[in-house]
Amino acid sequence: MKIILYASIALIAVSFFILVIYIAKTLTVLQETIRRLTATIDHLDKEVQGITTETTQLLKKTNALADEVQKKVEGLNSLVHAVSDVGATVQSFNRSLRQISSTVTAKVENHREKVTKVMQWGNAFIEIWEKWRERKQKKTKEVVLDGKK
């Protein structure tokens, strides 16, 4: 029985020794992994700091650009108001022209008969004047022809 006891103790000691060796290897691998993880975290920390610096600069530039755009938009607002005023003026002018046109058209419609009569009298006068001129030219030709004979 003692042999079994010693063999059991020896087996436990060997098992414990093997367990300690595996735990030591595992801890060594874990230590190396933690070292790499620390290096990676340090690298990421530097990258994040660089990105933070660049982001801060970009944000400052963006704010400056936004301020500049705001100033230009405010400048354009006055131009837009001026163009709007010009549009209103043109619309008012068009309304006035339409009113004048409709007034003239209405007056022409009201005086159409008078205008027609005036044109007829004018045509008659022109015809009379042309006949009178033709007779005068005929008489002048007859006097010239009689004077030559």
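Residues numbered from 1 in each chain as written. Predicted model: local features only at pLDDT ≥ 70, side-chain atom pairs only at ≥ 80, totals over all residues. Heavy atoms only, no water.

Asks: When you look at the overall build of the protein in this model, what are you seeing that I'm missing?
Replies: When you go through the protein residue by residue, the secondary structure sums to two helices and zero strands. Taken against the 2.2 N^0.38 rule, which gives 15 Å for 149 residues, the C-alpha radius of gyration of the protein at 58 Å runs more than 25% over that of a compact globule. Each principal axis of the C-alpha distribution contributes one length, and for the protein these read about 185 × 40 × 35 Å. Burial analysis of the protein (149 residues in total) assigns 0% to the buried set. Taken together, the 24 basic and 16 acidic charged side chains of the protein have centroids lying 8 Å from each other. (Helix = DSSP H or I, 4+ residues; strand = E, 2+ residues; numbered from the N terminus. Rg over C-alpha atoms; globule rule 2.2 N^0.38 Å. Buried < 20%, exposed > 50% of the residue type's maximum accessible area, 1.4 Å probe, protein only. Lys, Arg positive; Asp, Glu negative; His and termini not counted. Charge placed at Lys NZ, Arg CZ, Asp CG, Glu CD.)

Asks: I tried to follow the pattern of salt bridges on my own but got confused; where do I start?
Replies: For side chains of opposite charge, pairing can occur when their charged atoms come near one another. Considering all chains together, one arrives at three salt bridges under this definition. E32 serves as the salt-bridge partner of R36, at 3.5 Å between the closest nitrogen and oxygen. Of this pair, R36 and E32 both sit in helix α1 (residues 2-110), four residues apart, which is roughly one turn of the helix. Among the ionic contacts, a cluster of salt bridges with common partners joins E32, R35 and R36. (Salt bridge = Lys/Arg side-chain N within 4 Å of Asp/Glu carboxyl O.)

Asks: Quick question: what am I supposed to make of the domain arrangement of the protein here?
Replies: A common way to express how large an interface is: the accessible area buried when the components associate. When its domains are assigned, the protein resolves into domain 1 (1-110) and domain 2 (113-142). When each unit is reduced to the centre of its C-alpha atoms, the spacing between domain 1 and domain 2 is 93 Å. (Domains from an automatic or database assignment.)

Asks: Teacher, can you tell me more about the UniProt feature "coiled-coil region" (unreviewed entry) in the protein here?
Replies: The feature "coiled-coil region" (unreviewed entry), as given by UniProt, occupies residues 27-79 in the numbering adopted here. With 100% helix and 0% strand, residues 27-79 has end C-alpha atoms that lie 75 Å from one another. (UniProt positions renumbered as here; feature names shortened; annotations may be inferred.)

Asks: Just checking my understanding: could you explain the UniProt feature "transmembrane region" (unreviewed entry) in the protein for this structure?
Replies: In the numbering used here, UniProt assigns the feature "transmembrane region" (unreviewed entry) to residues 6-27. Secondary structure across residues 6-27 comprises 100% helix and 0% strand; the distance between its end C-alpha atoms is 31 Å.

Asks: Would you mind showing me how to read a nonpolar patch on the surface here?
Replies: Together, F16, L19, V20, I23, L27, L30 and I34 make up a nonpolar patch on the protein surface, roughly 650 Å² of accessible area in all. Tracing the sequence through the fold places L19 in helix α1. (Patch = residues over 30% accessible without salt bridge, like charges linked within 9 Å, V, L, I, M, F, W, Y side chains within 5 Å. Areas by Shrake-Rupley, 256 points an atom, 1.4 Å probe, with all protein chains shown as cover.)

Asks: Looking at this structure, how should I read a positive patch on the surface?
Replies: Side chains of K131, R135, K138 and K139 sit close together on the surface and give a patch of like positive charge. One can find R135 in helix α2 (residues 112-148). Owing to a relative accessible area of 60%, R135 belongs among the exposed residues under this scheme.

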